[in-house]
Amino acid sequence: MGADTASRVLDAKYYGGRAGLETALDALRARGCGFVVAGRLDGGHTFVQSHEALADAPTSYRDMFLEIPDFRVDLSSTELRAAAAAGAGDR
């Protein structure tokens, strides 16, 4: 995922607070889930490195996040879906 999405995944406001975030991460960890995080342009067109996005990750959950340093592809999932839909008629 992009660093911008990782920041949202780790934002406690989406879980009703820090305890909710930790409960959600515990549930994901129990299922063997983790995250691969790469740098990404944010909405203001500033490149955010993966380590910046993960700086506030709770220490006990950092092992769930694999950073891809120096990786950059400025393409959003919205753009990918649009390209796939446009190409769907070519088959």
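Rules used throughout
- Residues numbered from 1 in each chain as written.
- Predicted model: local features only at pLDDT ≥ 70, side-chain atom pairs only at ≥ 80, totals over all residues.
- Heavy atoms only, no water.
- Helix = DSSP H or I, 4+ residues; strand = E, 2+ residues; numbered from the N terminus.
- Rg over C-alpha atoms; globule rule 2.2 N^0.38 Å.
- Buried < 20%, exposed > 50% of the residue type's maximum accessible area, 1.4 Å probe, protein only.
- Contact = heavy atoms within 4.5 Å.
- Areas by Shrake-Rupley, 256 points an atom, 1.4 Å probe, with all protein chains shown as cover.
- Phe/Tyr/Trp six-rings, centres within 6.5 Å; stacked < 30°, edge-to-face > 60°.
- Core = buried A, V, L, I, M, F, W, Y, C linked by side-chain atoms within 4.5 Å.
- pLDDT = per-residue confidence, 0-100.

Student: Report on the overall build of the protein, specifying residues and quantitative values.
Tutor: Looking only at helices and strands, the protein features 4 helices and 4 strands. Reading the secondary structure of the protein in the N-to-C direction produces α-α-β-β-β-α-β-α. A compact globule built from 91 residues would reach a C-alpha radius of gyration of about 12 Å, whereas the protein, at 15 Å, exceeds it by more than 25%. In terms of overall dimensions, the protein has C-alpha extents of about 45 × 30 × 20 Å along its principal axes. Counting only residues that meet the buried cut, the protein has 24% of its 91 residues in that class. Once local pairs closer than 6 in sequence are excluded, the contacts in the protein between residues at least 24 apart make up 66%. As presented, the protein carries roughly 6000 Å² of accessible surface, and 54% of it is formed by carbon and sulfur atoms.

Student: Pulling in residues and values, what's your account of the packing of aromatic side chains?
Tutor: Applying the stated criterion across every chain, the model contains 1 aromatic pair. Residues F35 and F65 carry aromatic rings whose centres are separated by 4.8 Å and whose planes lie at 15 degrees to one another, so their mutual orientation is stacked. Placement of F35 in strand β1 (residues 35–38) and of F65 in strand β4 (residues 65–68) is noted, with a sequence separation of 30 residues between them. By relative accessible area, which is 14% here, F35 ends up buried. Taking the relative accessible area as the measure of exposure, F65 reaches 7% and is therefore buried.

Student: Tell me about the nonpolar core, and name the residues and values.
Tutor: Across soluble globular proteins, you tend to see nonpolar side chains buried next to one another. Ranked by size, the top nonpolar core spans 15 residues in total, and within it L10, L25, F35, V37, L54, M64 and F65 carry the most contacts. The leading source of residues in this core is helix α1 (residues 3–9), at 3 residues. When sequence neighbours within four positions are dropped, the list of residues in contact with L25 reads L10, F35, Y61, M64 and F65.

Student: Before we move on, could you go through unusual backbone geometry and cite the residues and values that matter?
Tutor: For residues that are not glycine, phi is negative in most cases, and the peptide bond is trans in most cases. In this structure, D70 is a non-glycine residue whose phi angle is positive, near 55 degrees. Turning to its location among the elements, D70 is positioned in the loop between β4 and α4 (77–88).

Student: Explain the confidence of the model for the protein to me, and be specific about the residues and the numbers.
Tutor: Low-pLDDT stretches of the model should not have their predicted coordinates read in fine detail. In the predicted model, the protein carries a mean pLDDT of 88, and the fraction of residues at 70 or more is 95%. Averaged pLDDT values for the elements of the protein fall to 81 in strand β2 (residues 40–41) and rise to 97 in helix α2 (residues 18–30).

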